[in-house]
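As a plain string of letters, each chain reads:
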Amino acid sequence: MLAEARAPADPLSSGAPWRTSTAGKDIKRQRDGKHQRQASSRQSCSLGLEMRPELVWEDWDLRREFTKTLVLKNIHSKLQKLHVRPPVSKFFTTSIPQTVVISPGTSLSVPITFRPLQRCEYEDSIEFQSKDGSFQVCLHATIPCHALEVPDSVLLPLCAVQHSAHTTFLLRNVSKLQTHFQWECNAPFKLSPEQGLLKPGQECDIMVVFKPQEALVYQQQAYCRFGEEEDKAESCCTVLLQGLGKYPFLQLRNPATKDEKEQSGPVLQFGSVAVGQSLQKHFDILNPSPVTASFSLSRLSDDVPVLGSEFSCDVSRGKVAPGGSVRATVTYTPAVVDTVSVEYLALKCRGALNKSQLTLTGNCEGPKVSLSSSVVDFGCVEEGGAVVQTLELLNSSPVEAIYQLDLDCSGHSVFSIQPASGTVRPHSHTTLKAVYRPTQPIAHHRRMACLILHRDPMFLDLIGTCHSELQKPAILKPEHLVLYKLSWSRRMDIPVSHHAIKQEHNAQLDKQGVLCPLEESPQRPDSVGTVSRTSMEEYYQSCFGFMDPLSCSSSSSSPHVSVVPSELLFNHKMSSSLSTASPSSQSVSITNHTRGKLSLVWTAVQDSPFSVSPSSCDLAPLKSTSFRVNYDPKQLNTLHAVQLECFAYYKDSHQMEEPLLCPPWCVTVRVIGNSFQPGKEHFIPCCSLKPPRVVFPALSILSYRTALLQNCGDLPLTFCLDHSLNPALAESLSVVPGCGLIQPGNHQILTLRTSPTEDGPKQGFSLHLQLNAAKHTKELTVVSVVEKPSVSLEGDGSLYFHPTALGSRTQRSHHIRNLSRVPLRFHWSIPEPDQGLISVEPDAGELHPNDSSVQIWSFSPLAEETYTLKPTVTFWPIQTPGCNMSQLTLKVVGMGSKGFIEAEKTVLDVGEILVGSYRSIEVPLVNKSPCPVSFCLSVQQTLLDEDLIYDPASVPSALKLDCERGTIASRSKLLVRSTLRPRGRAQYLWTISYQTLNASGFVSSPPQTVCEVRAKSVFPVLKVIDACGGGSAGRLSKLHLWKLFSLDSLNKQLLSNPAPTELTYRTTTRHSLRSCPSIFTHAMLDFNFSAAPLNSDPSTFVLIFHNPCSIPVDWAFLFPEDQEIELEYWAETGEFSSTELYQMKVQDNQLFSISPRSGTLLPGQQRAVHFSYSHEFAGTDRFPVVFKLSYGREILVNFQGVTVERNRPCLHLASKRRVFTSVTIGDRAPPRQVHELHNGGAVPVQYEVDSTVLSQLQEDNFNHPVLCCLNPQGEVLPGKTAMLEWIFSPLEAKMYHMDVPIRVQDGESILQRFEGCGLNPAALGSKNFLSDTKSSEPYLQRLPFPGQVVFLSEDSVCLGHIPVNSQSSRILFLTNVSHTDTVHYTWVKSEQFFVQVVQIHPERGSLCPGESALCVLNFTSTDYPTCYQLDVICQVIREAALNRYHDALQRWEEEKQRQQDEFTITDKHLTEGQRVLIDEELVATPVRKGPPLRKYKTLPPISASSSSETVGTLCTKLTRAERRALREAAKVWRRPEPPQPALLHLGVTAHSHGLLEYHTQFPDQFNKHYRSLQSVRFQQPETTSSSTSLPAGPPSLTQSPERDIVTHVLTSMLRSILDDPNFTESLINLPFKPITYRFPDTGPSHCSSIPSSLAPPPCPTSSHPAPQPQSMSSGREQHNTVDKAGTAGRSEKTQNTLHTEHVAADMCEDVLLNAIQNLMMEAFRGELDLTAHPRSVILPPASSRRRTSKATAEVEREITKEPAGT
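Turning our attention to the overall build of the protein chain. A tally of regular secondary structure across the protein chain gives 20 helices and 111 strands. Classification of the 1766 residues of the protein chain by burial places 44% in the buried group. A sequence separation of at least 24 residues applies to 72% of the contacts in the protein chain between residues at least 6 apart. A total of about 92200 Å² of accessible surface is found on the protein chain, and carbon and sulfur atoms cover 52% of it.

Following this line, the structure appears as structure tokens:
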């Protein structure tokens, strides 16, 4: 992107909009001006010439010339002749001639000079023309301006939150000017450098730093302002900075473990590590996030030990790449033996949401050393002799052991052991060589200490006896040591006798006669206070000459012999000459603490620089004596160090018996000295001191530690304590030995002892060792601080339990941590009243320093209240049991509450589920209580069906819970998954109950109902909701179709349960090897396709199947071939039965067809299924079809169809069984009922009801006409339906069965079975049997039939029970659902009876696309009770088809007229071109349909006529006769036939009753019907028998113009009166006015007049001729009606008076009916708004209104008088 600053008038560059680059750094060039400039170096080609498309002058000045050359190269193969048009302006000039010629392959240079006069942009062009065209080269001079080139966008890499990522992009100055720039951007982006100066053409790398603070998508514009100066940067360019912040995520993983649970908090277990050694282990830091994450490893805030850490990690911080890992190494170097170290490393990552922690644990293991023997007995040795013994030093630990013997092996002791110091490898031993060289004849015993680094010392008893020729003291044996120890434990000075010891049973002699102690026996009272000495205390007493103040004060007994001081130090030899100088000496004092006289003997060594004088003496009891220790070195500048020993024994010990011999005591004095002369430099020491820091336990007890001083040089090394820097240190800290000499390569184990105090420095103090008696020192840091045991409790000492249900238990974990450096032991104490509420596991344990322990606390409330409990934890140091005990109190808060659960829905209705299938549901349980609830669920099943034939308790539960036990958290929801598996059809009710569980998991409450689950297990069901006919069955009513197809029985079967055998094959499958498959069902129905003439249109029926359930249904109509398994050819038998051959004929000729034959109906979906029957073969056809519902019913449907020969009469019955409406016995006017007879043939049918059966029935019933036919004879036209009128009048309350033959002229008689039931009114009582009759609700058609474009709002109109002579109206709507076709409709009333009873207005009309029409149906019942079942047909014809018919008819008639007017002279050679016009339709010869491809051909079918004998043969080609017939048909032009209308059937049903009966049965409905005096009398068709006319009724009021005028006038008057407010006020005040006039009482009104009786019409029988009543009463010629009682009817005058009185009522009825119809039409069209404000009419003033009213009244009177006059 190129950004330029063009001119001051345009400070900001406004080029093309910035666009985000997909590559992130896509560089684009962009200018501010109007020109988009390309690179000038690019070449272009035009007309075979190659040149630069533009010449640009960029760097130019005023008043100078600048010339550039334009090169034209001819790359064409022919000569180019060009005419040059020079630049138009004077600023660009060229000297090229006007015409130039360029040869092929040559170039022409055109110099162009630019001469600017002012500083602005210049544009021009030079044009070249040739015979092939022309082209131009642009000349452009630009003003130098500031321009920077930057990318459109910069995409930064993914960056972790609170981290930073960076990238760079190039900023280039593409101008010729020096440009200043300055960046402006907001966080989280930062650009560097933010400002700078770029020279022309210079580039600069700009670094973008992205540091997001949240995990978001960041997209910001960075603005770069640039210009000539920094403060005047007026131009600007932008760069879109894009970045994405992600949260980092790091994990710690121990590679040595694969336990996923530990990955959240891994633990590095170092195990046991030798003291002073190191062990390394690794752990990984993983980064599964897509961003680089930086981390830091640190100890917890309160985890930094005062003395440093024994764990070290080589990684403290770093970065982890996405998907990568970093391995860190932890080194464990323990320093204190038998301690466990615990530390925690916290992994911190900036921006991360998680926290990880690593636990480091390890324990320090020290050496385990033992001696092979605790006593070395050298026996008796002659003076001057020596005895050598060996023993082993064993190391049984994996740690290297460093030891040192506290014995001077340089000859100053009678005992020596080599090696005196060294190292014992792990799990090995070292052999020690012990030598005994006595110098004086006495018994020697020395208890030598063996020092072990990091361990307490061991002691070895060395005993031996020296005999000389003169002195033979008692031989000292090991048993003497045993007796001495027993005596010492009893604090005795002189041991008891041997016999006394035996009597006390405290010792026994072993096999060698050595006295050894028995097992520990109860101490005697005098030894209760005895305190056993530790090995460290004993060692310190020996080092301090048995005068250790701490040991003496702590021990209950004093030593036998002590020496003071125990260490002597000889620093310098002051004399210059060895011969004349007297040796330096110091004194030591030995004290006898016994009650016996002791002999003291010092071990003397020849040529030793140290000597003691006197060398021996006797010491009285409880006395002290002094000795002089002389230092007389024989060599100068030398270091000397010895350990002088002195043996003390009882003076009279030689007189004791051998078993009672007391061993001598040995005291030592450590002496060091040096013979360095003054000014002589001492040896430079080379040594090491490990460890450099000694840490004592933080307890106020006497503690010991060891250190190792190693001489690493080649010269001897002496050391001594220097207390001059810290004199107080000598009192609190003791170090033994305090001085000594270390030979090259050897070491000295130093033992430190102190009792830590609270006021000691936490950083420790320094202990200085003076080396080689010079200024060289070695510093040892000693930490001796008392720390109080400190324990921290999680949660600041509080533990809160969430509310807990009564009887249940809640557990929580709680951490306790040791914050001190002392291992502690703890124990929880719960008050006894609270022990039933809370408990803890474990309740005791140990805590190492910095270690934490997890306890599980349990809370079990007993009451609904809040508990505050305070258990205490007691802790104390492990090293001091029972002492330094501390306590902390934990505040435990818990609340007990009652828990309960409930369902989200009290009733969960699953709906319908298929039997045999399963469904998973989720029952949401909600816990609204504040505590978790543990529950146990149970399910109780209930079957809601009333007609159960089995015990519901024996049915296993169909609802299974996946989880019956569980816990729901407080105020949360749990989805309990359940599985439904119904095994039968039923309505299930499952009651889910729960019981709460206590802490032990047992039930603690009675069952409580949670919710109910309802489900209905169903089989797949279908239902036929509508039917229509077409073709030959198009004029059949829906009721007739319903009976033909037995649809009521079909729906009943479909809605019933399938038998087990029907579920043999749950889905559609081929299962039979025969052509006639086996039937697995007992449900059989007939589909009667009615009857039609041969070769007529197929009878088509369309059934609308509806899926009323909530599951999809797969259905199929299976022909026999659909159930047959196709076999191989060799498996076919080739023999077929007659039934199989017949079925193959039906299938091959497709006599019965179904479309579609299978499908799937979703819940609530509807589907139209077409059934067709072809009338190709005369006769009756039957075909079995299986109607199969997958997983449901299987019904055998027998298709039946009749094809009648055209010359044969045929009456077809929808059903051979007709059930009459039940009639009460004794009814004087039983209702008239009808029965349909359909003519299925092509000729009219004359029928006659056999009256013989009816006469016999009358005779059998006491000459009472139980059943009579009003029209026993008649004629039925082809394709029409006749109505047989019957009157059923039962004599008894029973069921009548009557088989009545109906004879057909020239045809076969049919037998019809009539059934009717007589009812006893007395038995029924007051119950209205008529009101129980339920009328079917009208079905609203929602799915169109094929080709249907007009919908009827209702397919049936049921008027119910009505009185005679009543009028009823219904409003219907015809809707044209087509969007393109206009249709015409006509209501057809073919029979005269329809005209009398049913009237529809308008009778005809047209509907535009989408238009609706309102039709009013007026029903007037006759004067005789009748059961009406009428079928009204509406013919619908499309206007387009009608227009085509009229056009074709017009052409045909024109052709016919032309042929009549013209004639043609025939010539036999001329081809006949004139078509023959035929005015009548000929019966066409049926053309055979081609059979489907099958393996085998059936036999040829029986031909319908002789002309079609070849139909059905194996040959599929047309015969010669057929081809000739086709040619002849092509020459014939038949008269066009009118289009066949679509028929809509409207069923009208009603049941009229006599007035008296209706008033009795329906008293509430009597006054709701309008009864007209226009009596309609039922008529019978005329028959051949004689007939008598029934008396006629009163004259009817026919429609006339006068009536219409009166109706409109009354309508206007009523509207005006209702709009008049005065009239409204008068109506309000009318009840308060007195009655001034009363009409005379003229008797009962018409509304209340009820005739006493109504005689039924006479029944024609064989002996009595049938009367022939007229349809309507005609004028004044009617006669009075005479009833059975002989009562004469009213006179003509009375009837006329009644009719005159009811004219106004008829008019009012018409006016109100018209108003209601108008309202319905407005509502249907959406024009009626019940919420609209009433219209207000502004009336004139009252005076004028009154005058107007009077004037109007006068005018109306004038108008009224005129007709009277005329």
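Now for the nonpolar core. Phe1105, Phe1171, Phe1187 and Phe1199 are the most contacted members of the largest nonpolar core, which has 44 residues in total. The element best represented in this core is strand 88 (residues 1179-1189), accounting for 4 residues. Non-local contacts of phenylalanine 1187, meaning those with residues more than four positions away in its chain, are made with Leu1022, Leu1050, Leu1054, Phe1105, Trp1115, Ala1116, Phe1117, Arg1193, Glu1194, Ile1195 and Val1197. Counting residues in hydrophobic clusters, the runner-up holds 31 residues, among them Met448, Cys450, Leu460 and Cys466.

Using the criterion set out here, one finds 59 aromatic pairs in the structure. A centroid spacing of 4.9 Å and a plane angle of 85° characterise the contact between tryptophan 828 and tryptophan 857, whose relative ring orientation is edge-to-face. Placement of tryptophan 828 in strand 64 (residues 824-829) and of tryptophan 857 in strand 67 (residues 852-859) is noted, with a sequence separation of 29 residues between them. When sorted by exposure, tryptophan 828 lands in the same class as tryptophan 857, which is buried.

Attention now goes to the side chain of serine 798. For serine 798, the location among the structural elements is in strand 61 (residues 798-800). Using a relative accessible area of 17% as the deciding quantity, one classes serine 798 as buried. Every residue in contact with serine 798, bar those within four places of it in the chain, is listed here: Leu890 and Lys891.

There is a patch of like positive charges on the surface, built from Arg1520, Arg1523, Arg1524, Arg1527 and Lys1531. Along the chain, the position of lysine 1531 falls in the loop between helix 14 (1520-1530) and strand 109 (1532-1534). Note on lysine 1531: relative accessible area 43%, which makes it partly exposed.

All right, on to the sheet that holds strand 81 (residues 1023-1031) then. Read across the open sheet, the 4 strands follow the order 81-83-87-85; overall the sheet is antiparallel. Looking at which strands have only one partner, the edges of the open sheet turn out to be strand 81 and strand 85 (1152-1155). Sheet twist, expressed as the average angle between the axes of neighbouring strands with direction ignored, equals 20°. Inspection of the sheet shows strand 81 paired to strand 83 (residues 1099-1106) by 8 bridges, in the antiparallel sense. Among the inter-strand pairings, glycine 1029 is bridged to a residue of strand 83, identified as phenylalanine 1101. Of the strands in this sheet, strand 81 and strand 83 are in contact with helix 7 (residues 1047-1054), which crosses strand 81 at around 145°.

Its place among the elements puts arginine 1218 in strand 91 (residues 1217-1219). The side chain of arginine 1218 is buried and forms no salt bridge, while glutamate 1236, the nearest opposite charge, is found at 8.5 Å. Setting aside residues up to four positions removed in sequence, arginine 1218 forms contacts with Gln1233, Val1234, His1235, Gln1312, Arg1313, Phe1314 and Glu1315.

Now for the pairing of strand 78 (residues 972-980). Alignment of strand 74 (residues 919-927) against strand 78, held across 9 bridges, turns out to be antiparallel. By the bridge assignment, asparagine 927 is partnered in strand 78 with serine 972. With 3 bridges joining them, strand 76 (residues 959-961) and strand 78 adopt antiparallel strand pairing. Bridging across to strand 78, leucine 961 finds its partner in serine 978.

On the surface, Ile1605, Val1609, Met1613 and Ile1617 cluster together into a nonpolar patch covering about 330 Å² of accessible area. Structurally, the position occupied by isoleucine 1617 is in helix 16 (residues 1601-1619).

This paragraph deals with the confidence of the model for the protein chain. Averaged over every residue, the pLDDT of the protein chain is 79; the share at 70 or more is 77%. Note that residues 1637-1655 has pLDDT below 50 and, in this model, 22 contacts with residues that lie over four places away or in other chains.

The full count for this structure, using the stated rule, is 37 salt bridges. Between glutamate 1453 and arginine 1535 there is a salt bridge whose closest N-O contact spans 3.7 Å. Of this pair, glutamate 1453 sits in helix 13 (residues 1439-1461) while arginine 1535 sits in the loop between strand 109 and strand 110 (1542-1553), placing them 82 residues apart in sequence. Where salt bridges share partners, they join Arg1217, Asp1299, Arg1313 and Glu1315 into one cluster.

Let us now look at the sheet that holds strand 38 (residues 443-452). By way of backbone hydrogen bonds, the strands of a sheet pair with one another, either parallel or antiparallel. A sheet is described by the order of its strands in space; here 5 strands give the open sequence 32-39-38-34-36, paired in mixed fashion. Two strands close off the open sheet at either side, each with one partner strand: strand 32 (375-382) and strand 36 (421-424). Taking each pair of neighbouring strands and ignoring which way they run, the sheet shows an average axis angle of 25°. Across 6 bridges, strand 32 lies against strand 39 (residues 455-467) in parallel orientation.

When a strand is regular, its side chains alternate between the sheet's two faces. Side chains Thr179, Phe181 and Trp183 of strand 16 (residues 179-184) all project onto a buried face; the interleaved residues His180, Gln182 and Glu184 project onto a face where none is buried. Here 4 bridges tie strand 16 to strand 18 (residues 195-198), and the two strands are oriented antiparallel to one another. Counterpart to phenylalanine 181 in the pairing with strand 18 is glycine 196. Examined bridge by bridge, strand 16 and strand 20 (residues 217-227) share 5 bridges and lie antiparallel to one another.

We now examine the environment of threonine 1611. Looking at the secondary structure, you find threonine 1611 in helix 16. Residues threonine 1611 and alanine 1715, 104 residues apart in the sequence, show an inter-C-alpha distance of 9.3 Å.

Right, let's get into unusual backbone geometry. Among all residues save glycine, negative phi is the norm, and among peptide bonds the norm is trans. Following serine 1155, the chain continues to proline 1156 via a peptide bond in cis, the omega torsion being -10°. Here proline 1156 lies in the loop between strand 85 and strand 86 (1158-1161). A cis amide bond, omega -5°, links histidine 1401 with the succeeding residue proline 1402. Along the chain, proline 1402 turns up in the loop between strand 104 (1398-1401) and strand 105 (1404-1407).

Moving on to the environment of valine 424. Here valine 424 is to be found in strand 36. Judged by relative accessible area, which is 1%, valine 424 ranks as buried. Along the sequence, valine 424 and asparagine 395 sit 29 residues apart, while their C-alpha atoms lie 6.4 Å from each other. Other than its neighbours up to four places away in sequence, valine 424 contacts Leu393, Asn395, Val399, Glu400, Ala401, Tyr403, His429 and Thr430.

What counts, and where the lines are drawn
- Residues numbered from 1 in each chain as written.
- Predicted model: local features only at pLDDT ≥ 70, side-chain atom pairs only at ≥ 80, totals over all residues.
- Heavy atoms only, no water.
- Helix = DSSP H or I, 4+ residues; strand = E, 2+ residues; numbered from the N terminus.
- Buried < 20%, exposed > 50% of the residue type's maximum accessible area, 1.4 Å probe, protein only.
- Contact = heavy atoms within 4.5 Å.
- Areas by Shrake-Rupley, 256 points an atom, 1.4 Å probe, with all protein chains shown as cover.
- Core = buried A, V, L, I, M, F, W, Y, C linked by side-chain atoms within 4.5 Å.
- Phe/Tyr/Trp six-rings, centres within 6.5 Å; stacked < 30°, edge-to-face > 60°.
- Patch = residues over 30% accessible without salt bridge, like charges linked within 9 Å, V, L, I, M, F, W, Y side chains within 5 Å.
- Salt bridge = Lys/Arg side-chain N within 4 Å of Asp/Glu carboxyl O.
- Lys, Arg positive; Asp, Glu negative; His and termini not counted.
- Charge placed at Lys NZ, Arg CZ, Asp CG, Glu CD.
- Pairing = 2+ DSSP bridges.
- Axes fitted to C-alpha atoms, helices over the stretch in contact; angles between N-to-C directions.
- pLDDT = per-residue confidence, 0-100.

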